[in-house]
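Understanding the architecture of this molecule
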Amino acid sequence: CGAGEHEPLAAVAAKPFTDGFSDGEPAYVRAQIARRAVSNPEGAELLALMDAMNADLTLPFVSGGVVLGWLHLRDEDWSDGFSGDEIQRLQELAAIASTVLSNIRDFQAREEEHRLAALGAMAAGLAHEIRNPLAGIKGAAQYLQGEELPEDAADMLNVVISEADRLNIVVSQFLDYARPFELHAQPEVLNALVTHAVTLLRAQGLPEGVRLEEELSGELPAIPLDATRITQVILNLLQNAVQAMAEGGVLTVTTALRTDRTGDRWAELVVTDTGEGIDEAVLEQLFVPFFTTKPGGTGLGLAICERIARAHGGELDITSSRPGGTTATLRLPTVPGPL
């Protein structure tokens, strides 16, 4: 690749640029994209992005169904362009680089497992030491509620009990995040779990102005899932979407069966809202434990959801723009993962 007259874009939104790669397209060749752009608006948008990045050939780095990155190459004016043989060899090189990047991710995941195992052992002891005095504090406050007390004192007791309950939730979620998961997987159809979670959400009552739309694929096979854990993930994503639409909007829930470029099949759940979206700086921190922008939130909900997805051999991805809403995508392998 050579130096270009145009500065490359500092960042490119994952969609629509990576859509073709996610669907198994092995490379973007500018000449082919230009022909597609004549009659296809998405092709025109893709061509504009390639032009902005001064790219004549783009090769993806893909692991499973995840696009890890891409390599842009420029066709110099003095050359005859990339031949079919050159493109094939470059694709082979990109495949090797993808394997290396995937191995790095796997190594980091194993390191994270060891760290969480140690953290879980510590958390269990810490939770025990916190919960016992916490129960004593709450019990004493509840006992005093039966006494004749000034109004201010009664209000303070309510605060003590409420904060004790909140701290107990934080401790419980911390334990849930830190200790190793014990998954109880059985053959389940993702649609059934989605329908159950939607029913629970409707039972809680949708806020005025929020409309829920479902489009569930009939192609999904039964796959090994811990129904309780996956329902927890789905419900959390649904509740987050509802909370993001304080002024009302549309909550869309879809499922689909996807096949990646290696031929592996994935059951996919997509939850989309039409809320105000999430700032990029916040988006990068969503899976960090105890990071939250919600008043009274613990910052562990999405971190736990992401762990559950990984424990099933899947992945949880969240994209957003301001304005424009947020999309959460849960992908689960249709073959047994590391349960």
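Preceding this paragraph is the structure being described.
In this report, the structure presented in the accompanying data block is examined. (Residues numbered from 1 in each chain as written. Predicted model: local features only at pLDDT ≥ 70, side-chain atom pairs only at ≥ 80, totals over all residues. Heavy atoms only, no water.)

Description of the pattern of salt bridges
Scanning the model with the defined rule gives nine salt bridges in all. The salt bridge involving E268 is made with R258; its shortest N-O contact spans 3.0 Å. Here R258 lies in strand β7 (residues 249–259) and E268 lies in strand β8 (residues 265–273), a separation of ten residues in the sequence. Between R310 and E306 there is a salt bridge, with its nearest N and O atoms 3.0 Å apart. A residue pair is termed a helical-turn pair when its members lie 3 or 4 positions apart in one helix, as R310 and E306 do in helix α10 (residues 301–311) at four residues. Judged by its relative accessible area of 31%, R310 falls in the partly exposed class. Through salt bridges with shared partners, one network takes in R258, E268, E315 and R331. (Salt bridge = Lys/Arg side-chain N within 4 Å of Asp/Glu carboxyl O. Helix = DSSP H or I, 4+ residues; strand = E, 2+ residues; numbered from the N terminus. Buried < 20%, exposed > 50% of the residue type's maximum accessible area, 1.4 Å probe, protein only.)

Observations regarding the packing of aromatic side chains
Evaluation of the coordinates by the stated rule reveals one aromatic pair. Look at F21 and Y28: their rings are 4.0 Å apart centre to centre, the planes differ by 20°, and that puts the pair in the stacked class. Assigned by exposure class, F21 and Y28 land together as buried. (Phe/Tyr/Trp six-rings, centres within 6.5 Å; stacked < 30°, edge-to-face > 60°.)

Overview of the sheet that holds strand β3 (residues 66–73)
In space, the three strands of this open sheet follow the order β1-β2-β3, with antiparallel pairing throughout. Each having just a single partner strand, β1 (28–29) and β3 make up the two edges of the open sheet. In this structure, strand β2 (residues 57–63) lies alongside β3, joined through seven bridges in antiparallel fashion. For L57, the partnering residue across the bridge sits in β3 and is L73. (Pairing = 2+ DSSP bridges.)

Things to note about helix α7 (residues 190–204)
Over its 15 residues, α7 extends 21 Å from the first C-alpha to the last, a length consistent with the 21 Å expected when each residue adds 1.5 Å. Remark: G205 follows α7 within two positions and exhibits a positive phi of approximately 95°. (Expected span 1.5 Å × (residues − 1).)

Looking at the sheet that holds strand β10 (residues 325–333)
What links the strands of a sheet is backbone hydrogen bonding, and the strands pair in either a parallel or an antiparallel sense. Strand order in the open sheet made by the five strands is β5-β7-β8-β10-β9, with mixed pairing throughout. Two strands close off the open sheet at either side, each with one partner strand: β5 (210–215) and β9 (315–321). On average, each strand axis in the sheet is tilted by 15° relative to the strand beside it, whichever way the strands run. One ladder, built from eight bridges, connects β8 with β10; its direction is antiparallel. Paired with L269 across the two strands is L330, which belongs to β10. Those strands touched by α7 are β5, β7, β8 and β10, and its axis lies near 165° from that of β5. Lying on the sheet, helix α8 (residues 227–243) is in contact with β7, β8, β9 and β10; it crosses β8 at an angle near 25°. (Axes fitted to C-alpha atoms, helices over the stretch in contact; angles between N-to-C directions. Contact = heavy atoms within 4.5 Å.)

What about the nonpolar core?
In terms of nonpolar packing, the biggest core is built from 40 residues, with L190, I230, I234, L238, L251 and L269 touching the most fellow members. Among the elements that take part in this core, α8 stands out by supplying eight residues, more than any other. Ranked by size, the runner-up nonpolar core spans 13 residues in total, among them I33, L47, A55 and V67. (Core = buried A, V, L, I, M, F, W, Y, C linked by side-chain atoms within 4.5 Å.)

Structural notes on the environment of A55
Its place among the elements puts A55 in the loop between α4 (41–52) and β2. Note: C-alpha distance between A55 and L71 (16 residues apart in sequence) is 9.1 Å. Those residues in contact with A55 that lie beyond four places of it in its chain are R30, M50, H72 and L73.

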